[in-house]
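# Observations on the three-dimensional arrangement
One letter stands for each residue in the lines below.
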Amino acid sequence: MTDLTRLSAAALAQALRTGDVTSVEATRAHLDRIAEVDPAVHAFLHVDAEGALASAAAADARRAEGVPEPALLGVPVAVKDIVATKGVPTTCGSRILEGWIPPYDATLVKRLREAGMPILGKTNMDEFAMGSSTEHSAFGPTRNPWDLDRIPGGSGGGSSAAVTAYEAPLAVGTDTGGSIRQPGAVTGTVGVKPTYGGVSRYGIVALASSLDQAGPVARSVLDAALLHDVIAGHDPMDSTSIDKPWPSMAEAARRSDITGLRIGVVRELGGEGYQTGVQARFDDAVALLVKSGAEVVEVSCPHFELALAAYYLILPSEASSNLARFDAMRFGLRVSPENVAAPSAEQVMEATRAAGFGDEVKRRIILGTYALSSGYYEAYYGQAQKVRTLVTQNFQAAFDQVDVLVSPTAPTTAFRIGEKLDDPLAMYLNDIATIPANLAGVPGMSLPSGLADEDGLPTGIQILAPALEDARLYTVGAVLEASLEEQWGGPLLDQAPALAAAAASSMDGR
Amino acid sequence: MTTTASGADLMAFDEALERFDPVMGLEVHVELNTVSKMFCACATTFGAEPNTQVCPVCLGLPGALPVLNAKAVESAIRIGLALNCEIARWCRFARKNYFYPDMPKNFQTSQYDEPIAYHGYTDLDVGGETFRVEIERAHMEEDTGKSLHMGGSTGRIHGADYSLVDYNRAGIPLIEVVTKPIEGAGGKAPAVARAYVAHLRDVLQGLGVSDVRMEQGSLRCDVNLSLRPFPSAPLGTRSETKNVNSLRSVERAVRYEISRQASLLVAGGSVVQETRHWHEDTGVTTSGRSKEQAEDYRYFPEPDLVPIAADHAWIEELRSTLPEQPSRRRARLQAEWGFAELEMRDVVGAGAVDLIEHTVIAGASPAAAKKWWLSELARRANDSGVALHDLAITPEQVAEVQALVESGRVNDKLARQVLDGVLAGEGSPDQVVASRRLEVVSDDGALSAAVDRAIEANPDVAAKIRGGKAAAAGALIGAVMKEMRGQADAGRVRELIVSKLS
Amino acid sequence: MSDPASSLTREDVAYLAHLARIDLSDAELDHLAPQLAVILESVATISSVDTAEVAPTSSAVPVENVFRADEARPSLSVEDALAGAPEVEQQRFKVPRILGEEA
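The model shown is predicted, which means the values in this text are computed figures rather than measured ones.

Helix and strand counts for chain B stand at 16 helices and 15 strands. Its C-alpha atoms give chain B a radius of gyration of 30 Å, more than 25% over the compact-globule value 23 Å for 502 residues. Dimensions along the principal axes, computed over C-alpha positions, put chain B at roughly 95 × 55 × 50 Å. Looking at the 502 residues of chain B, the share that counts as buried comes to 45%.

Right, dumping it as structure tokens:
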């Protein structure tokens, strides 16, 4: 019997349709894989075997009814732990929510359920999505399946690692400054951040409300497209969700002609500060696009250089307000201060937040509180929102000249666990290429561009499209992926070291 | 005189006014009567069991998002229009960030520098004179949950051991109406404050946007007050007084604060900028915990909501739904009813305008309607300690009673008994007349016999009448009425007496 | 406009922590203040560009007037509403004594 975990989501969906395999079998296969490798990878914070198998059985029964089926009926999926799943623990990678069981489903989860997709479990992440390495999870880091001593990227390292390690064919992530795309780049997988408002945020624990978006994590562009089609769409429960019908991303991914496509290479996103191997693979990928019929020009987006600064003012500001609700009064952790006889509510709030939040979260809350405070608002938050307008204008001007923009997704390959933990600023730089898209709300995709020569680790190429043109990402991405895989003789992931062996040996060392 | 915390005697109000010019600012929070909450579809029914009208949104659970109630926006715009405000063509919500257990998100979604309505005015009638209050702004926000403070002796927050929070009220739409500083009221400041709140209540009632019941909390008033030595002096430091739960409290709190602040200033002290708490039972304000520095609310535009763009067409459509202004309506009714100025003022003061209007619509004459509501029924309302409109009798029923009198079926005295019956819940006026057998006896035979008996029983009186003293008939009439248990037409009795004794 | 203070003192951080209701330990205060100062210095580059003619991004999506009809829908069950509560009494959320004044 084929190893079901090695099938792409599209292939698995097909096998389910033809009856070659049942959803229960497929789900069980993935649960077994999780049991085998997750002790080493730690992609999952919670595995819901019972719930997943029940959904799988229901999907099989539904298929038997013979009515038209959703495309991914019965295909299992993993969900980042920042998304509310009713009855299933949701921690956002934080102690302050340890044990919290949401009494409701996020809208995107409802859509997964309606599509008949068993939810395998919740994946690890940097606490409250603040980070780019998953090292800030309160429950221990996730390890990159390519090299277990390295980070899988963040904040959605768990989702990307799960997919990389064949623990799930698909995963849902969230991206505020690159948290889907950057992990995709360092794990050799595909990650997409839709246009802001494309996927409902209802039920996604908010980090930065004006920047957050949920999106698909997968091993191929087509797989990502199939999942994108399930979760995207207007939601009346989210005032910021786009009220327009979306074209099918899967169809866009199946289009294979990019003749005449104008591609802009962003001058400010590349070159100095970018690892040699990363840049090299990027350049190679661009050359392939030209071979496929595209035209390439260099474009300048001068205000992208201020994007990081604007982001690290807007995000902490909104986050400091969004995280205020974690106060021990209605849900979550409650800690009383030590040596205080009858503590007040205020004291319990302060003690709980001190104990429940990690360092990075505290840093950003303080920063955000400062940026919004009286006397500083104009200089910080106010100014950042103006720079944001400039970044958006840069994109608009660029898209007047070209159809898509490209850049390396991240400046480096996966670094070692612990390497950048003591240097917050160095950590922030991981998102330097991904942040502009969040500020402007435009959609972006990362897909594997090959292995860096110097360390043999995955690199990613980022494609950016104008707002609402998510489909364009899938067409361009699919064409590029096909060309690259032709060069490689198969998906990049085939070159990853066998994990089971690595898992076993790494566990010996613990 | 009561002593203030400083030990100084409280200055008399009149003396305070000789020395100082009071300036007030009134902030009124209006709870809208929408069916659902501001940002979620939870019900807003008053008095529900705790925490039965909550959802992830109004509980502030992680991941929840707000969606704006269209009716709340309409009500906000209509309130602004009724207060002659400019309506913002484009505005947003803002987050007001502070921590408090009754606020689920630890920020209140409100409006900061972009209120939906601003720069308006409204004209009050204060003791026969028109007083204009300028409105700074009216903006939308959401209400908080309600806490029960447990363990202390007063049920208030001070001294409590813990609190129990019910979030049913959290998220109910509020409109906050803020006046510009109210200047020039002088000694009438307490009356102006009261008149303003009463007037605002009427306007809101007329719009149908709120239950405006201060005792239920759907209309809340905070009173800001400062004193300055004379009108052209710069504004003094103001205090803010909360827990002002009735019109009476508004007036009394203003009066008290003027005296308190004057006493302080004259004794060489200074007014602290603080929040104070009004105590209706003792008639004083007490200090809340004074804050070292004003809370920094770190306002920023609410990113989970999109801007509101009220275009001209929409505003005009809402403007056409405004009811007649209360003052214009009153002038019109006064003219229609032929009441004098003073008469109308009595009607307004008694809160009887609507009642009389409906009684007249039901067929009574304005004079009769006024008579019943302002004398008999007002007395009964007073005796039972309820408001006039809460009496268990409808304007239609009052008109029926008047019709009974006009048809001669009952006389005035019996009519009062009919009222008693209706108020006691015995049924409609006709039913009461029947069950209590209050109908005036119109059978001349029975009346005549009763008159004969009275004449026989009172020979001296009868003699006087025969002698020409018609006025003496009163005693005989009384006797007949007594025998007939009031169920006789006094005029007919007099006729019979006169004809028998002439 | 004067350059906003990029030097964040320990006292500043303590005040901000109080505003944010986080009881930072002395060690944390020692540790955080310089880290935050470095970050602030880096983000201060934001003032290097002239934005006099630039409007701030007023909303992340180019839409206005998103409303819902005024209709009531079923709420959470009381059990679900109180499920995550640290303490419950009389069907309400039990919280420690509140020091601050009611708003």
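Alright, that's what it looks like, and here's the rest.
As a further point, take the overall build of chain C. Scanning chain C from terminus to terminus reveals 3 helices and 3 strands. The secondary structure elements of chain C, listed N-terminal to C-terminal, are α-α-β-α-β-β. On C-alpha atoms alone, chain C measures out to a radius of gyration of 22 Å, which is more than a quarter above the 13 Å that the 2.2 N^0.38 rule sets for 103 residues. Summarising its shape, the C-alpha atoms of chain C cover approximately 55 × 45 × 25 Å along the three principal directions.

Attention now moves to the interface of chain A and chain C. The interface is formed by 59 residues belonging to chain A together with 44 residues belonging to chain C. Contributions of two or more residues to the side of chain A that touches chain C are made by α10 (307-322), α11 (345-356), α12 (359-372), α13 (378-401) and α14 (424-428) of chain A. Ranked by the residues each element gives to the side of chain A that touches chain C, the list is headed by α13 of chain A, at 12 residues. Residues belonging to the side of chain A that touches chain C are distributed by class as follows: 35 nonpolar, 14 polar and 10 charged.

Right, let's get into the sheet that holds strand β10 (residues 173-179) of chain B. Residue and element names in this part refer to chain B. One open sheet holds the 9 strands; their spatial order is β3-β6-β7-β10-β1-β11-β12-β13-β14, and the pairing between them is mixed. Each edge of the sheet is formed by a strand with only one pairing partner; in this case those strands are β3 (86-87) and β14 (284-287). Alignment of strand β1 (residues 21-31) against β10, held across 5 bridges, turns out to be antiparallel. When the bridges of β10 are listed, V28 appears paired with V177. Relative to strand β11 (residues 219-228), helix α4 (residues 247-266) is tilted by about 25°, and along the sheet it contacts β1, β11, β12 (239-244), β13 (275-279) and β14.

With that settled, the discussion passes to the interface of chain B and chain A. Quite often, the size of an interface is put as the accessible area lost when its parts meet. In this assembly, 25 residues from chain B lie in contact with 31 residues from chain A. Class assignment of the residues belonging to the side of chain B that touches chain A gives a composition of 16 nonpolar, 4 polar and 5 charged.

As a further point, take the confidence of the model for chain C. All names here are of chain C. Within chain C, residue pLDDT values average 90, and 91% of them lie at 70 or more. Mean pLDDT across the secondary structure elements of chain C bottoms out at helix α2 (residues 26-43), with 92, and peaks at strand β1 (residues 67-68), with 98. The ipTM value of the predicted complex is 0.96, and its pTM value is 0.86.

What follows concerns the nonpolar core. All names here are of chain A. Of all hydrophobic cores here, the largest spans 292 residues; its most connected members are V77, A310 and L313. It is α10 that provides the largest number of residues to this core, a total of 10 residues. If sequence neighbours within four positions are ignored, V77 has contacts with L112, M117, I119, L120, A168, L170, A171 and V172.

The next point concerns the sheet that holds strand β15 (residues 300-301) of chain B. Adjacent strands of a sheet form backbone hydrogen bonds with each other and so pair up, either parallel or antiparallel. Pairing in this open sheet of 3 strands is antiparallel, and the strands run β5-β4-β15 (chain B) from one edge to the other. Only two strands of the sheet have a single partner each, and these edge strands are β5 (107-110) and β15 of chain B.

Residues and elements named next belong to chain B. The domain architecture assigned to chain B consists of domain 1 (13-295), domain 2 (326-427) and domain 3 (444-501). Each of domain 2 and domain 3 has a C-alpha centre, and these two points are 33 Å apart. A per-class count over the side of domain 2 that touches domain 3 returns 1 nonpolar, 2 polar and 1 charged.

What follows deals with helix α10 (residues 395-406) of chain B. All names here are of chain B. The first and last C-alpha atoms of α10 sit 16 Å apart over 12 residues, in line with the 16 Å expected at 1.5 Å per residue. For α10, the elements touching its buried residues are α8 (353-361), α9 (366-384), α11 (412-423) and α12 (429-436). G408 sits one or two residues past α10 and shows a positive phi near 85°.

This part takes up the environment of G474 of chain B. As for its placement among the helices and strands, G474 of chain B is situated in helix α15 (residues 473-483). With 20 residues separating them in the primary sequence, G474 of chain B and R494 of chain B have C-alpha atoms 8.1 Å apart.

In contact at an axis separation of 9 Å, α12 of chain A and helix α1 (residues 10-19) of chain C are set at 95° when each is read in the N-to-C sense. Judged by the angle between their axes, α12 of chain A and α1 of chain C are roughly perpendicular. Contacts between α12 of chain A and α1 of chain C involve I366, T369 and Y370 of chain A from the former and V13, L16, A17 and L19 of chain C from the latter. The residue inventory of the contact of α12 of chain A with α1 of chain C, partitioned by class, reads 6 nonpolar, 1 polar and no charged.

Conventions adopted
- Residues numbered from 1 in each chain as written.
- Chains lettered and ligands numbered in written order.
- Predicted model: local features only at pLDDT ≥ 70, side-chain atom pairs only at ≥ 80, totals over all residues.
- Helix = DSSP H or I, 4+ residues; strand = E, 2+ residues; numbered from the N terminus.
- Rg over C-alpha atoms; globule rule 2.2 N^0.38 Å.
- Buried ≥ 20, exposed ≤ 12 C-beta atoms within 10 Å, placed from the backbone.
- Contact = placed C-beta atoms within 7 Å.
- Nonpolar A, V, L, I, M, F, W, Y, C, P; charged D, E, K, R; others polar.
- Pairing = 2+ DSSP bridges.
- Axes fitted to C-alpha atoms, helices over the stretch in contact; angles between N-to-C directions.
- pLDDT = per-residue confidence, 0-100.
- Core = buried A, V, L, I, M, F, W, Y, C linked by C-beta atoms within 7 Å.
- Domains from an automatic or database assignment.
- Expected span 1.5 Å × (residues − 1).
- Parallel < 35°, antiparallel > 145°, perpendicular 65-115°, else oblique.

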